[in-house]
Structure formats: C-alpha cells, structure tokens
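The chain contents come next:
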Amino acid sequence: MELELELVSTDLIARARAGDDEAFRMLTEPHRRELQVHCYRMLGSFQDAEDALQDTLLAAWQGIAGFQERSSIRTWLYRIATTRCLNARRAAGRRLAKEWDVPKVEPPEPTRLGEVVWLEPYPDAALEGAIDVPPGPEARYEQTEAISLAFVTALQVLPARQLAVLILRDVLGFHAKEVADMLDSTVDSVKSALKRARSSLQDRLPPTGGREEPAPGPGSPAEEAVVAEFVRAYQSADLDALVALLTDDVFMSMPPMPFEYEGCDAVAGFCALILGSGRAFELVPTRANGQPAFGAYVRAPDGVSHGTGLIVLTLSGDRISAMTRFEKSVLPWFGLPRSLPSR
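These figures come from a predicted structure and were not determined experimentally. (Residues numbered from 1 in each chain as written. Predicted model: local features only at pLDDT ≥ 70, side-chain atom pairs only at ≥ 80, totals over all residues. Heavy atoms only, no water.)

## Topic: the overall build of the protein chain
Convention followed: Helix numbering and strand numbering both begin at the N terminus, where a helix is a DSSP run of H or I of at least 4 residues and a strand a DSSP run of E of at least 2. Atoms counted for the radius of gyration: C-alpha only. Globule rule: 2.2 Å times the number of residues to the power 0.38. It only takes one pair of heavy atoms within 4.5 Å for two residues to be counted as in contact. For the area figures, the Shrake-Rupley method with a 1.4 Å probe applies, and any residue is considered shielded solely by the protein chains shown.
Helices and strands together make up the secondary structure of the protein chain, namely twelve helices and eight strands. Taken over C-alpha atoms, the radius of gyration comes to 22 Å for the protein chain, in line with the 20 Å a tight globule of 343 residues would show. Seen through its principal axes, the protein chain has C-alpha atoms that stretch 65 × 45 × 40 Å. Residue pairs in contact within the protein chain that sit at least 24 positions apart in sequence constitute 66% of those at least 6 positions apart. By element, 52% of the accessible surface of the protein chain is carried by carbon and sulfur atoms, the whole surface being about 16,800 Å².

See below:
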C-alpha cells in the first residue's frame, strides 16, 4: 500500500511539474485545511490566514517545477506557508486598536489594555479534518489545546521566528533538523529559539498547577449545562446568575477593541453595564476555536434582532473562566445571519 501511494504521489508530482493544475490540486488539497490552521496560529487572524494560504498555494504552484523531493510535499508546503506568514507579520507592523463604539454605553475603566487587537475567532466548521492529522512524536501540545483562544493569543506576542519554531516543533512535532531546513537556519539556532519561546509562552498561558479545572468535553452534558445556564442568564439579563457562573479570576477581552477586564468584580461590572442597558439580547449557538460560542443579537422595536457580535466562552469545570467578544463582522464566517426575523 505504501509503495502504491508513493508511486501515485510521484506520478502526481511529475504531472504537476508539467503544468497539470488538477494534479497539483490533488497533491495539495489534502493539506489545505491544516495549512490554514497553521497560518491562523502564526497570524491570529482568520482573514489573514486565508490570505496567507492563498499566497502559499500560489507560490507552491509557481515553484512546483523546482521541488526536488528532498522532503514530503506536506513538509515543503509547511515551509512555504511559514515563510509567507513570517513575511505577513513583518508587513503588518503595529496594528491599531479600535475605539469603543457601543452607542449610549460608556464602558467602565478596563483592568488593562490588550496587545493582540487583531485576534479573530476560528470557526469549528473549518477545523474539521484540520486538527485530526496526528502530529509528530515530539509535539508537546494537543491539537485542540493549540487552537484555543488562550493559546493562539499567547502565541501572538512571541517574536516571529520563536513563534514559528514553537509551532513547528511543539505543536506539529517536526524534527529540529526539518525546522532548521524550513527556516534556512541551524539546529542549534532552532533549539535556542525554542527554549526562549517555551519560557515566554508559559508566562502568557493561564496558570495550571491544579487551580484550573479542565473544560468539559465538547457537546458533553456538563458543557451543555453551563452553556444553557449562561444563555438563560444573558437573555434574561439575570446578572446574579451570570456572575455565579464566573470563576474568581475570570478574564474578558473584546478585540479589536483593547479593553480587558480581569477578575470577577471587574467582569461583573462590565456585564452589569451591558445587561442593564435596557437592550434585549438573543443568543444563537455556534462553536469557535473548539469552544462554545454565540452570535449575539439585539432586538429592535420592530421585533427584528440585529447582530452585535460573537461571544466565545472558555470553560473551567462547570464555570466560565474567560469571555471573548468579537465584532459582528465575523458572524458570516459561522453561517450566522446579520439579523434574525421578528417572532
């Protein structure tokens, strides 16, 4: 079977080199989704990841004639994708935060201002088949953990090459020599960058050591119970019930606005402002980054509910340890409408 697959791959490569675009598609399509997830981890933006993926496939098509088969097609594509993402990060420069724009609502003083204002959610529907690919034996993180909002956010503050090395080694499990070849570097340089990246990442990730309970399994009765109570509390503007769901160190952010609130009191103060604004909310369930999420809609006087954003929950046991609110522009990525008809 392995020999048969190798012969098929060799035939497709030969045809692609000769300009057969269907052969090229057959070579690259099996890796398309995992490459997009790789670009997302590198860039933190769903839109930027799609752009980087398209650049990667174009560069691969233009360069297939020079592919010398010293590595697998998959490794070669990861090399191109990583280079495109590093170039994109350099070109992006410092991205500006967005100002508060919720009419007639003045936010409380934030606990701090966030750095990663370009963060965007990743639809679970686009993850299908992308994180099921087994990583190399040296990977240190589960694929589901490595797509979570907390993990992707922590990655974004790493220097670009450290970021690339950590993803390629600890998330995807490529060998040090493979990573050195991808980055036109040396094994010693890769090992040094990885050591620094691991240290920085641990400082940025939520604390472990027993204080954080694992999240319940996706779609499990435990997860559904927390989600149902959150929806009930939010839609009925029951602040006490909502606060009862929060961990003591709960964290809230809302990219591309930099406002961040840390701790139950600070998050409760923000939620009190939103739920006490007199607006009636309707939540529509979806999933983002392997986490429960909701399209948030505000009901207008005519009964039509208009999309106002996307809320993603991070769960710890039977409570909520983080809430991330994104703008309404992301709703179509999740197959959610911009408005809901009146009932």
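On we go from here.
## So, the pairing of strand 5 (residues 291–299)
Every other side chain in a regular strand lies on the same face of the sheet, so the side chains alternate between the two faces. Put simply, the rule reads: When a residue's accessible area, from a 1.4 Å probe over protein chains only, is under 20% of the maximum for its type it is buried; when over 50% it is exposed; and in between it is partly exposed. By definition, two strands form a pair when at least two bridges between them are found by DSSP.
Counted residue by residue, strand 5 has eight buried out of nine residues, so it is predominantly covered. The antiparallel hairpin formed by strand 4 (residues 281–288) and strand 5 contains two residues in its connecting segment, where Asn-289 sits at a positive phi of about 55 degrees. Two strands pair when backbone bridges link them, and strand 5 and strand 6 (residues 305–316) are joined in this way by seven bridges, in the antiparallel orientation. Looking at strand 6, one finds that Ala-296 is bridged to Gly-309. Counted between consecutive antiparallel strands, the loop separating strand 5 from strand 6 contains five residues, among which Gly-303 sits at a positive phi close to 95 degrees.

## Considerations on the pattern of salt bridges
Selection rule: Any carboxyl oxygen of Asp or Glu that lies within 4 Å of a side-chain nitrogen of Lys or Arg is treated as forming a salt bridge with it.
Tallying each qualifying case throughout the model produces 17 salt bridges. Where Arg-74 meets Glu-34, a salt bridge forms, and the shortest distance between an N and an O atom there is 3.0 Å. With Arg-74 in helix 5 (residues 73–92) and Glu-34 in helix 3 (residues 32–43), this pair connects stretches of sequence that are 40 residues apart. For the pair Arg-74 and Glu-34, one class covers both residues: buried. Salt-bridge contacts for Glu-260 lead to Arg-112; the nearest nitrogen and oxygen are separated by 2.7 Å. Of the two residues, Glu-260 is situated in strand 3 (residues 257–262) and Arg-112 in strand 1 (residues 112–113); the sequence distance between them amounts to 148 residues. Among the residues examined, Arg-112 registers a relative accessible area of 40% and is labelled partly exposed. By sharing partners, the salt bridges in this structure join Asp-11, Arg-15 and Asp-20 into a single network.

## Here we look at the environment of Asp-203
By the element assignment, Asp-203 lies in helix 9 (residues 187–204). Considering only alpha carbons, one finds Asp-203 and Ala-154, 49 residues apart in sequence, at a separation of 8.8 Å.

## Details of the side chain of Arg-41
Selection criterion: By the counting scheme adopted, Arg and Lys are positive, Glu and Asp are negative, and His together with the chain ends is not counted. Polar contacts, as used here, are pairs of N or O atoms within 3.5 Å; protein pairs need one atom able to donate a hydrogen and one able to accept it. Residues neighboring in sequence count only if both atoms are side-chain atoms.
Along the chain, Arg-41 falls in helix 3. It turns out Arg-41 is buried and unbridged, and the closest side chain with the opposite charge, Glu-34, is 7.7 Å from it. Of note is the side chain of Arg-41, whose polar atom sits 2.8 Å from the backbone oxygen of Ala-146. Setting aside residues up to four positions removed in sequence, Arg-41 forms contacts with Ile-131, Gln-143, Ala-146, Ile-147, Leu-155, Gln-156, Leu-163, Ile-167, Val-171 and Leu-172.

## Some thoughts on helix 10 (residues 221–235)
As a reminder of what qualifies: In this scheme, a helix's expected span is set at 1.5 Å multiplied by one less than its residue total.
If you check helix 10, its first and last C-alpha atoms are 21 Å apart, about what 15 residues at 1.5 Å a residue would give, namely 21 Å. Every buried residue of helix 10 is accounted for by Glu-223, Val-226, Val-227, Phe-230, Val-231, Ala-233 and Tyr-234. Contacts made by the buried residues of helix 10 are with helix 11 (239–244), helix 12 (264–275), strand 4, strand 5, strand 6 and strand 7 (319–326). Directly beyond the C-terminal end of helix 10, a positive phi value near 55 degrees is found at Ala-237.

## Observations regarding the packing of aromatic side chains
How we decide: Ring geometry is summarised as follows: Phe, Tyr and Trp rings, the Trp one being its six-membered ring, pair when their centres sit within 6.5 Å, and such pairs are stacked at plane angles under 30 degrees, edge-to-face over 60 and tilted between the two.
Scanning the entire structure with this criterion turns up 13 aromatic pairs. Here Phe-230 and Tyr-234 contribute two aromatic rings whose centre-to-centre distance is 5.4 Å and whose plane-to-plane angle is 40 degrees, an arrangement assigned as tilted. Taken together, the residues span about one helical turn, with Phe-230 and Tyr-234 both in helix 10 at a distance of four residues. Note on Phe-230: relative accessible area 0%, which makes it buried. Measuring from ring centre to ring centre gives 5.1 Å for Tyr-261 and Phe-270, while their planes differ by 35 degrees; the resulting arrangement is tilted. Three or more aromatic residues joined by ring pairs form one cluster here, namely Tyr-40, Phe-46, Tyr-122 and Trp-333.

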